[in-house]
Amino acid sequence: MSRRVRRKVARKGKEKVVLPCYPEIEEEVSGSVQNWIVDWTSLPDDTVIQLFSCLNYRDRASLSSTCKTWRVLGISPCLWTSLDLRAHKCNDAMAASLAARCVNLQKLRFRGAESADAILHLQARNLREISGDYCRKITDATLSVIVARHEALESLQLGPDFCERISSDAIKAIAICCPKLKKLRLSGIRDVHADAIIALTKHCQNLTDIGFIDCLNIDEMALGNVLSVRFLSVAGTSNMKWGVVSHLWHKLPNLTGLDVSRTDIGSAAVSRLLSSSQSLKVLCALNCPVLEEDTNFAPRKYKNKLLLARFTEIMKEIAFLLVDITKKGKNVFLDWRNSKNKDKNLDDIMTWIEWILSHTLLRIAESNQQGLDVFWLKQGASLLLNLMQSSQEDVQERAATGLATFVVIDDENASIDCGRAEAVMRDGGICLLLNLAKSWREGLQSEAAKAIANLSVNANVAKAVAEEGGINILAGLARSMNRLVAEEAAGGLWNLSVGEEHKGAIAEAGGVKALVDLIFKWSSGGDGVLERAAGALANLAADDKCSTEVAVAGGVQALVMLARNCKFEGVQEQAARALANLAAHGDSNSNNAAVGQEAGALEALVQLTQSPHEGVRQEAAGALWNLSFDDRNREAIAAAGGVEALVALAQGCSNASPGLQERAAGALWGLSVSEANSIAIGREGGVVPLIALARSEAADVHETAAGALWNLAFNPGNALRIVEEGGVPALVNLCSSSVSKMARFMAALALAYMFDGRYLL
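Basis of the calculations
- Residues numbered from 1 in each chain as written.
- Predicted model: local features only at pLDDT ≥ 70, side-chain atom pairs only at ≥ 80, totals over all residues.
- Heavy atoms only, no water.
- Helix = DSSP H or I, 4+ residues; strand = E, 2+ residues; numbered from the N terminus.
- Buried < 20%, exposed > 50% of the residue type's maximum accessible area, 1.4 Å probe, protein only.
- Areas by Shrake-Rupley, 256 points an atom, 1.4 Å probe, with all protein chains shown as cover.
- Lys, Arg positive; Asp, Glu negative; His and termini not counted.
- Charge placed at Lys NZ, Arg CZ, Asp CG, Glu CD.
- Polar contact = N/O pair within 3.5 Å; in protein donor to acceptor, adjacent residues only side chain to side chain.
- Salt bridge = Lys/Arg side-chain N within 4 Å of Asp/Glu carboxyl O.
- Arc of directions from axis to C-beta.
- Contact = heavy atoms within 4.5 Å.
- Phe/Tyr/Trp six-rings, centres within 6.5 Å; stacked < 30°, edge-to-face > 60°.
- Core = buried A, V, L, I, M, F, W, Y, C linked by side-chain atoms within 4.5 Å.
- Pairing = 2+ DSSP bridges.
- Right-handed = clockwise from strand over helix to strand, strands pointing away.

Peer 1: Help me get a handle on the overall build of the protein chain, residues and values and all.
Peer 2: Broken down by element type, the protein chain carries 42 helices and 14 strands. In terms of principal-axis extent, the alpha carbons of the protein chain reach across some 105 × 75 × 50 Å. Evaluated residue by residue, the protein chain yields a buried proportion of 57% over its 761 residues. Summed over its atoms, the accessible surface of the protein chain is roughly 31,700 Å², and 52% of this surface lies on carbon and sulfur atoms. When the 80 basic and 86 acidic side-chain charges of the protein chain are each reduced to a single mean position, those positions are 6 Å apart.

Okay, structure coming up:
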């Protein structure tokens, strides 16, 4: 759904045991305290239940199996009224094992079609609320069976991604099976036919909140007959007949809130709805191009009606709903929640506004539209930060995801908008995100960590994250047993590790060990977490001290395992880059030799030079270049087919990036120190591509190509090849025109050795 930043940097040249738990502030434990014996089974029952309530369902079930007392407490009904299955794979067997605990389950959140199928095995017939995302593969049949088994259902939400395989037939099944339904929100339904809406009208007399979002077609006339509806959202829905809407929907007697955001509604329909509806209080029309381009529209002439749009001051508009005008601060949602004068009608309206704003702002952020800078800087960022403080968990999550998304302006080049990032920082967003990341709720941890990771691409934000203790928090989250949480935390450490000033702090926080452990923990089936962990280790390995810590923590073995076994290009690239950086400190530690001695390392890197992905080839060649500085590695690379592979790489990179050209020539330069390798390179045809690279426009390529040709020129046969293939003019040109002193020097040496009188040319 949301975009993520994956930051990369250029190649550069005592183990701490941490329990896998939710991140907390770590304290030093004195020797005397370590000797205490804690009898956890002696804790009061209420305390145990409170502790259990802060765990995810898998950890709760695991702890329940430790002793008889905890087994009894672990099935307490109060612990199993709500269940969030999104973070873990939930199949039929897992659901069946939880069934005994879920008799009184009231609220369920799930992710994906497999979890949807497993819901039936929970046997939770008293379910009141079901919320699902990643529902693209859920079919009419699955949804119909779910609602048929849960007749007490009051709320059903599927989205925000599209429910592509759900049709009006499933909506009719919902209506017939769930007469107590109060809230129905579905995203991405192709067609919502009249018969489906009529079924809802007939069977669901208490249906007050309807959302048909991002749909293709909706029968407007049928929807105008749902007299019970109070809150209605058709945001993002196309093909709406706004003339029909404006003449029918204003007659709905209870319609209080209407969301038409991201549609092509015009000013005439908006005016009619606001002026004619007796009950309507809030009309949300965010990002409606036709309405926004109408310069003659005057939104403030409708008394006691709020219009939320890009051209209105949204927070001030919402503030008019509050009775106590003395408390209308910058965060009207917080003022409302702290108000002593509770009004159920106002609570319903504000709760709905939070939900539809969080949904629409995320959708706008995902679209990455041009021309929204003013809106994001003036209102959007502040709105997202306010919504992050909502009491609704799904609103908090979407707001955090929105922050992670709206700052990204270019996914491929890992570019973010610095103005937007710093606006979040100025408004206190870093503290808010870190507090969410410390939540025991894994969904909030994941989305907050994602936002921190993306924002930290900006150096000023990264500094603020570090100063607020964010490195310790992310290092703690990286130890999470939840893969999604660990993945986003690793991404945060990846981006923070770009800054030289943060590398030591990451190591001190136990981040190196946590990242290495992630690779072993998710060695299969976790490409995202593996890429981020390897990328962070690559950045850390560029630092001499951290490089040693990576090796001590088992990083060499972990990274070689990825290079050998993983097929995902992003993981291969970062693993090769990390190995290159580990091998770059041969004069200060033994990592260079250690990488070469790891079983299968050199063979894997040689194989990666043949990857179809340029980034992988470049980093693999760079690693082989660094490793070739060790005598034993140099010969082992050749024995593993490195000469043939690198010559082939050089032959095929004439039109490649300067980075790949430099590393290909550099690796041949390193191998050619050996006379046997030098002869082999000449025999395999390495002279011609090196001459071609010597003609490159990049000074770095000049240096490595000239260096390789210098080494090759020691051998008379290679010297003759260089002359025959036109190498002399290329080297002379380097001597006279290259901006690199090193390249000029190397070229001159090559020419000197070729014409030193040892043989006639």
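Peer 1: Any chance you could break down the side chain of N581 for me, citing the residues and the numbers?
Peer 2: Looking at the secondary structure, you find N581 in helix α30 (residues 569–582). In terms of polar contacts, N581 uses its side chain to reach the backbone carbonyl oxygen of A538, at 2.7 Å.

Peer 1: Tell me about the pattern of salt bridges, and please be specific about residues and values.
Peer 2: As enumerated under the stated definition, the model contains 32 salt bridges in all. Sharing partners across several salt bridges, the network here consists of D84, R86, R109, E393, E397 and R441.

Peer 1: Summarise helix α34 (residues 631–639); cite the residues concerned and give the values.
Peer 2: If you check which residues of α34 are buried, you get N633, R634, I637 and A638. All buried residues of α34 lie within an arc of 135 degrees about the axis, which places them on one face of the element. Of the exposed residues in α34, the ones pointing more than 90 degrees away from its buried face are R632 and A639. Along its buried surface, α34 packs onto α31 (591–597), α32 (601–608), α33 (614–627), α35 (642–651), α36 (658–671) and α37 (675–683). Measuring from the side-chain oxygen of the N-cap residue of α34 to the backbone nitrogen of R632 gives 3.0 Å; that N-cap residue is D630. Of the residues flanking the end of α34, it is G641, one or two places downstream, whose phi is positive at about 90 degrees.

Peer 1: Talk me through the packing of aromatic side chains; I want residue IDs and the actual numbers.
Peer 2: Enumeration over the complete set of coordinates arrives at seven aromatic pairs. Ring geometry for F297 against F311: centres 6.2 Å apart, planes inclined by 75 degrees, an arrangement best described as edge-to-face. In this pair, F297 is assigned in the loop between α13 (289–292) and β12 (306–308) and F311 in the loop between β12 and α14 (314–319), connecting sequence segments 14 residues apart. Centroid distance W376 to F406: 4.9 Å. Interplanar angle 45 degrees. Geometry classified as tilted.

Peer 1: Give a description of the nonpolar core that names residues and reports values.
Peer 2: In summary, soluble globular proteins display a tendency toward joint burial of nonpolar side chains. Counting 172 residues, the largest nonpolar core has I318, I353 and L357 as the members making the most contacts within it. If one sorts the elements of this core by residue count, helix α16 (residues 344–367) sits on top with eleven residues. If near-sequence neighbours (up to four positions away) are discounted, L357 is found in contact with C284, L286, I314, I318, F333, L383 and L387. Of all hydrophobic cores here, the second largest spans 84 residues; its members include L98, F110, L143 and F297.

Peer 1: How would you sum up the pairing of strand β2 (residues 107–111)? Please name residues and give values.
Peer 2: In this sheet, β2 lies alongside strand β1 (residues 82–84) in parallel orientation, the contact comprising three bridges. For L83, the partnering residue across the bridge sits in β2 and is L108. Taken together, β1, helix α5 (residues 92–98) and β2 constitute a β-α-β crossover, and its handedness is right-handed. In terms of handedness, the path from β2 via helix α6 (residues 112–118) over to strand β3 (residues 129–133) forms a crossover that is right-handed.

Peer 1: Explain the pairing of strand β7 (residues 209–213) residue by residue, including any values.
Peer 2: For β7, a buried count of five out of five residues is recorded, marking the element as mostly surrounded by other parts of the structure. Both faces of β7 are covered, namely the face carrying D209, G211 and I213 and the face carrying I210 and F212.

Peer 1: Pulling in residues and values, what's your account of helix α9 (residues 194–203)?
Peer 2: Within α9 the residues assigned to the buried category are A196, I197, A199 and L200. Angular distribution of buried residues about the axis of α9 spans 155 degrees; they occupy a single face of the element. Among the exposed residues of α9, those oriented more than 90 degrees off its buried face are I198 and K202.

Peer 1: Can you explain unusual backbone geometry? Please cite residues and give values.
Peer 2: The omega angle of the peptide bond from G159 to P160 is 15 degrees, so this bond is cis rather than trans. Mapped onto the elements of the fold, P160 is located in the loop between β4 (155–158) and α8 (168–177). The phi torsion at Q123 lies on the positive side, around 55 degrees, for a residue other than glycine. Inspection of the secondary structure puts Q123 in the loop between α6 and β3. Taking the relative accessible area as the measure of exposure, Q123 reaches 58% and is therefore exposed. The phi dihedral of N368 falls on the positive side, at around 50 degrees, and the residue is not glycine. Mapping N368 onto the fold places it in the loop between α16 and α17 (373–387).

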